[in-house]
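Inside the fold
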Amino acid sequence: MNTGIANTRAVGTSTAPGQHEERRAARAVGTTTRALVTAGVVAGPLFVAVGLVQIVTREGFDLSRHPLSLLALGDAGWVQITNFVVAGVLMLAFAAGVARSLGGGPGRVWAPLLFALYGVGLVLGGAFTADPALGFPVGTPDGYPTEWTFHGTVHAFAAPLAFLSLVAVTFVVARRLRWEGHRQAAVWSRVIGVLCLVLCIPFGPGASVRLFVGVALGFAWITAYGIALLRARRSSVAVEGGR
């Protein structure tokens with residue numbers, strides 16, 4: 001019981017004579033907050049699963065050459081468009097859930113904001129599709145477009161907005177985790193951030209494959225963080241019920 005209380009109670013630490021800092025581990029409390037956080041937990045597995053199905057079923061698509069965003073083109077492009085938009089909306093909900101879960105302390109502003117920007121980038125990436133490239137969809141010219149359309153330009157802006165927001169939030173959450181006393185989790189959060197940054201560099205050998213792996217890894221981290229918030233809530237309820 002003492003261990004459970006230590007994990008869920010606010011921890012007071014002296015910062016200076018006459019001052020007292022309250023440190024509370026982030027946790028999802030309340031039905032609405034729990035639902036918002038759960039949205040982020042399912043966003044990644046859903047996005048990756050739908051993407052994988054399309055990778056193996058769409059005619060002419062080759063992940064070793066074509067970035068995932070090109071799946072939004074062609075007759076079946078609506079599937080990936082929907083995939084982008086749904087994932088983005090779920091991430092916006094997750095951002096709201098994180099804001100309600102953090103309370104005070106480091107990251108209370110920047111973590112929800114960056115999660116929200118990631119969601120906005122995903123929505124924009126679906127609403128504004130990339131221009132055809134590298135022979136996809138089938139029948140379009142090989143190589144890259146010589147001129148960008150408006151929607152292709154917006155898509156090109158949305159991708160770095162999403163990726164950089166994702167990378168940045170891993171470091172913001174790492175600082176929060178360290179503040180809460182979860183040092184090992186903080187280290188892993190930074191490692192994930194560095195890996196996502198390296199994997200999502202949009203040029204060089206295997207860029208499209210690396211990009212997909214980086215997105216999947218980032219979403220896996222989001223799922224893990226969301227589960228941690230939900231578990232903290234359950235631990236809190238169990239401890240309070242035992243008092």
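For the structure, see preceding data.
Figured I'd write up the structure that's included with this text. Values in this document were obtained by computation on a predicted structure and should not be read as measured data.

With that out of the way, let us pick up the state of the cysteines. The tally for this structure, following the rule as stated, stands at zero disulfides. Of all cysteine sulfurs in the structure, the one in Cys 200 sits closest to Cys 196, which takes part in no disulfide; the separation is 5.9 Å. Look at Cys 196 and you get buried, because its relative accessible area is 1%.

Here the focus is the side chain of Asp 131. Here Asp 131 is to be found in the loop between helix 4 (110–127) and helix 5 (150–180). In this structure, Asp 131 is buried with no salt-bridge partner, the nearest side chain bearing the opposite charge being Arg 58 at 15 Å. Of the polar contacts made by the side chain of Asp 131, one reaches the side chain of Thr 149; its length is 2.5 Å. For Asp 131, the contacting residues outside a window of four places in its chain are Leu 70, Leu 73, Pro 145, Glu 147, Trp 148, Thr 149, His 151 and Gly 152.

Assignment of secondary structure puts Leu 166 in helix 5. Residues Leu 166 and Gly 193, spaced 27 residues apart in sequence, show a C-alpha to C-alpha distance of 7.7 Å. Not counting chain neighbours up to four residues away, the residues in contact with Leu 166 comprise Tyr 118, Gly 218 and Ile 222.

On inspection of all chains with the given rule, the structure shows nine aromatic pairs. Consider the rings of Phe 47 and Phe 84, whose centres lie 5.5 Å apart with planes at 50°: the pair is tilted. Highlighted residues: Phe 47 in helix 2 (residues 31–57) and Phe 84 in helix 3 (residues 77–102), separated in sequence by 37 residues. Across the pair, exposure class does not vary: Phe 47 and Phe 84 are buried alike. Ring centres of Phe 128 and Phe 150 lie 6.0 Å apart, and the angle between their planes is 80°; this geometry places the pair in the edge-to-face category. With a gap of 22 residues between them, Phe 128 in the loop between helix 4 and helix 5 and Phe 150 in helix 5 connect regions that are remote in the sequence. Put simply, the rings of Phe 47, Phe 84, Tyr 118 and Phe 219 touch in pairs and so form one group of aromatic residues.

On the surface, Phe 171, Val 194, Val 198, Ile 201 and Phe 203 cluster together into a nonpolar patch covering about 450 Å² of accessible area. With respect to the secondary-structure elements, Phe 171 resides in helix 5.

For the rest of this paragraph, the subject is unusual backbone geometry. The amide bond that connects Phe 136 to the next residue, Pro 137, takes the cis arrangement and shows omega of 0°. Take Pro 137: it is sitting in the loop between helix 4 and helix 5. In this model, Leu 134 sits at a positive phi of 55°, which is unusual for a non-glycine residue. Mapped onto the elements, Leu 134 comes out in the loop between helix 4 and helix 5.

A packed helix pair is summarised by two numbers, namely the angle formed by the two axes and the spacing between the axes. At a closest axis distance of 8 Å, the pairing of helix 4 and helix 5 adopts a crossing angle of 155°. Accordingly, the angle class assigned to the pair helix 4 and helix 5 is roughly antiparallel. For the element pair helix 4 and helix 5, the recorded crossing hand is left-handed. Seen from helix 4, the contacting residues are Trp 110, Ala 111, Leu 114, Phe 115, Leu 117, Tyr 118, Val 120, Gly 121, Leu 122, Leu 124 and Gly 125; seen from helix 5, they are His 155, Ala 158, Leu 161, Ala 162, Ser 165, Leu 166, Ala 168, Val 169, Val 172 and Val 173.

Conventions we followed
Residues numbered from 1 in each chain as written. Predicted model: local features only at pLDDT ≥ 70, side-chain atom pairs only at ≥ 80, totals over all residues. Heavy atoms only, no water. Disulfide = S-S within 2.5 Å. Buried < 20%, exposed > 50% of the residue type's maximum accessible area, 1.4 Å probe, protein only. Helix = DSSP H or I, 4+ residues; strand = E, 2+ residues; numbered from the N terminus. Lys, Arg positive; Asp, Glu negative; His and termini not counted. Salt bridge = Lys/Arg side-chain N within 4 Å of Asp/Glu carboxyl O. Polar contact = N/O pair within 3.5 Å; in protein donor to acceptor, adjacent residues only side chain to side chain. Contact = heavy atoms within 4.5 Å. Phe/Tyr/Trp six-rings, centres within 6.5 Å; stacked < 30°, edge-to-face > 60°. Patch = residues over 30% accessible without salt bridge, like charges linked within 9 Å, V, L, I, M, F, W, Y side chains within 5 Å. Areas by Shrake-Rupley, 256 points an atom, 1.4 Å probe, with all protein chains shown as cover. Axes fitted to C-alpha atoms, helices over the stretch in contact; angles between N-to-C directions. Parallel < 35°, antiparallel > 145°, perpendicular 65-115°, else oblique. Left-handed = near helix turned anticlockwise from the far one by under 90°.

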